[in-house]
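# Structural overview
One-letter residues, chain by chain:
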Amino acid sequence: MIFSIWRQRLTRFDRKLVAALALLVLSSFLLPLQQAAGSRLVVSSGDNILFVAPLNQDQQFELSGPLGSTKLQISNGAVRVLSSPCPQKICIGMGKVSRNGELLACVPNRLVIRIEGKSTDRESGYDLLSR
Amino acid sequence: MTCSAVNSAELEQVRRRVFLALFIALAVALHTFEALLPNPLPWFRIGLANILALTALYIYGLRALWIVSLARILVGSLILGTLFSPGFLLSLSGGLLATLLMSLGYRLWQPKIGPVGVSVLGALGHVSGQLLIAWLLIIRHPSIWMLLPFFLLFALISGMVNGLAADLLIKFLLGHPAFLRLRNLAGGNYS
């Protein structure tokens, strides 16, 4: 039935247009994958920035929020939540993040872990350039 | 009635006005109805009102498309009580970009493109316009663009559904005696 609608109701040009646009839409799903790897992580609670760390050093650390301490791990340029005092553990289930703009959030413990920066910053190693 | 006493061009103009008003009224009704439907996410809208805009486009041309779209957004928001709120701004920007894309598509490929093609262009334009304004005015964070693929996919499907509905309606209307003259005029372009 769907096939007969496809033949009868769409002009030949429509079919081409829809197919081309569908291809465009599907390829837009690949867009976030091409996002550059981030260079540092920023942990914030509300408006306050609690902690900033580079992604290229493997380490573990603990952050305290209203519920208790959340343990984070950086390994191979990716961050994940190892343990958290929150009831549902959604933040642990979010897995690893490594790309620019990605987020890990633990809402009960009011922690937002954000990845920032371009991968080129990592190579150059500058915090800031002034001229 | 006294139809025979009126000259036919004038009658056609009056008929056009009446039908445009009807299209706008129906579009507003659908716009309001859609606001009552439960939404999985705030911006996932089917855009049923666009069916009437497409019908106006294929029956009365580009100007009618703009009139129906803009009037529908204004009157619909007035009825829902969202006029001049941030939601209205999103709706307006989506509507403007959608209408712009639809008229461009129609202008460029007019004899070949059918309602489904125009509708899909409009649906994709609508979500892109909304997301652009949402990004510019409300959430200034690049990760909002991660939503775009999902919105586009949904818009593609809803655009096709709307286009098919509009196609049915247009063929039904063009078969009606009230549009007989138009059908003869537009016979070569759209059948």
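Residues numbered from 1 in each chain as written. Chains lettered and ligands numbered in written order. Predicted model: local features only at pLDDT ≥ 70, side-chain atom pairs only at ≥ 80, totals over all residues.

With that settled, the discussion passes to the overall build of chain B. Secondary structure summary: chain B contains seven helices and zero strands in total. Going from the N terminus to the C terminus, chain B shows its helices and strands as α-α-α-α-α-α-α. The buried share of chain B, taken over its 191 residues, is 37%. Expressed as a percentage of contacts within chain B between residues at least 6 apart in sequence, the contacts between residues at least 24 apart total 74%. (Helix = DSSP H or I, 4+ residues; strand = E, 2+ residues; numbered from the N terminus. Buried ≥ 20, exposed ≤ 12 C-beta atoms within 10 Å, placed from the backbone. Contact = placed C-beta atoms within 7 Å.)

Tallying the contact residues gives 17 residues for chain A and 19 residues for chain B. Broken down by element, the residue count for the side of chain A that touches chain B peaks at eight residues, all from helix α2 (residues 12-28) of chain A. For the side of chain A that touches chain B, the class distribution of residues is twelve nonpolar, three polar and two charged. (Nonpolar A, V, L, I, M, F, W, Y, C, P; charged D, E, K, R; others polar.)

Before going further, it helps to examine the sheet that holds strand β1 (residues 40-45) of chain A. Residues and elements named next belong to chain A. The sheet built from four strands is open, its strands ordered β2-β1-β7-β6 with antiparallel pairing. A single partner strand is all that each edge strand has here, and the edge strands are β2 (48-54) and β6 (103-106). Strand after strand, the sheet turns through a mean of 15 degrees between neighbouring axes, direction not considered. Bridging between β1 and strand β7 (residues 111-116) involves five bridges; their strand directions are antiparallel. Within β7, the position partnered with serine 44 by the bridge is valine 112. (Pairing = 2+ DSSP bridges. Axes fitted to C-alpha atoms, helices over the stretch in contact; angles between N-to-C directions.)

Residues and elements named next belong to chain B. With 87% of its residues at a pLDDT of at least 70, chain B reaches an overall mean of 86. Segment residues 187-191: pLDDT under 50, and two contacts once partners within four positions in sequence are set aside and those in other chains are kept. The complex prediction reports pTM at 0.71, with the ipTM value standing at 0.81. (pLDDT = per-residue confidence, 0-100.)

Turning our attention to the nonpolar core. Grouped together as the largest cluster of nonpolar side chains are 45 residues, with contacts concentrated most on Ala53(B), Ala56(B), Leu57(B), Val68(B) and Val120(B). Elements supplying a minimum of two residues to this core: α2 of chain A together with α1 (8-36), α2 (50-60), α3 (62-80), α4 (86-108), α5 (115-138) and α6 (148-174) of chain B. Looking at which element gives the most residues to this core, the answer is α5(B), with nine residues. Apart from the residues within four sequence positions on either side, Leu57(B) is in contact with Leu62(B), Ala64(B), Leu65(B), Met102(B), Tyr106(B) and Val118(B). If you look at the next biggest cluster of nonpolar residues, it comprises 14 residues, including Leu41(A), Ile74(A), Cys91(A) and Val97(A). (Core = buried A, V, L, I, M, F, W, Y, C linked by C-beta atoms within 7 Å.)

Further remarks concern the sheet that holds strand β5 (residues 78-83) of chain A. All names here are of chain A. Pairing within the open sheet is antiparallel, and its three strands lie in the order β3-β4-β5. Only two strands of the sheet have a single partner each, and these edge strands are β3 (59-64) and β5. Ignoring which end each strand starts from, the neighbouring axes of this sheet average 30 degrees apart.

Further remarks concern the environment of Arg7(A). All names here are of chain A. Inspection of the secondary structure puts arginine 7 in helix α1 (residues 2-8). C-beta crowding within 10 Å serves as the criterion here: with 10 such atoms nearby, arginine 7 is assigned to the exposed category. Once the C-alpha coordinates of arginine 7 and glycine 93 are considered, the two residues, 86 residues apart in sequence, prove to be 45 Å apart.

Bringing unusual backbone geometry into the picture now. Glycine aside, a negative phi is what most residues show, and trans is what most peptide bonds show. Residue and element names in this part refer to chain A. In this model, asparagine 76 sits at a positive phi of 50 degrees, which is unusual for a non-glycine residue. Considering the arrangement of structural elements, one finds asparagine 76 in the loop between β4 (69-75) and β5. What makes asparagine 76 exposed here is the crowd of 9 C-beta atoms within 10 Å. Within the chain, lysine 89 stands out as a residue other than glycine whose phi angle is a positive 60 degrees. Tracing the backbone through its elements, the reader meets lysine 89 in the loop between β5 and α3 (90-93). Classification of lysine 89 as partly exposed rests on a count of 14 C-beta atoms within 10 Å.

Now for the environment of Thr99(B). Residue and element names in this part refer to chain B. Within the element layout of this structure, threonine 99 appears in helix α4. By the C-beta count within 10 Å, which is 24 here, threonine 99 ends up buried. For the pair threonine 99 and phenylalanine 23, spaced 76 residues apart in sequence, the C-alpha separation works out to 16 Å. Threonine 99 has contacts with Leu65, Trp66 and Ser69, leaving out every residue within four places of it along the chain.

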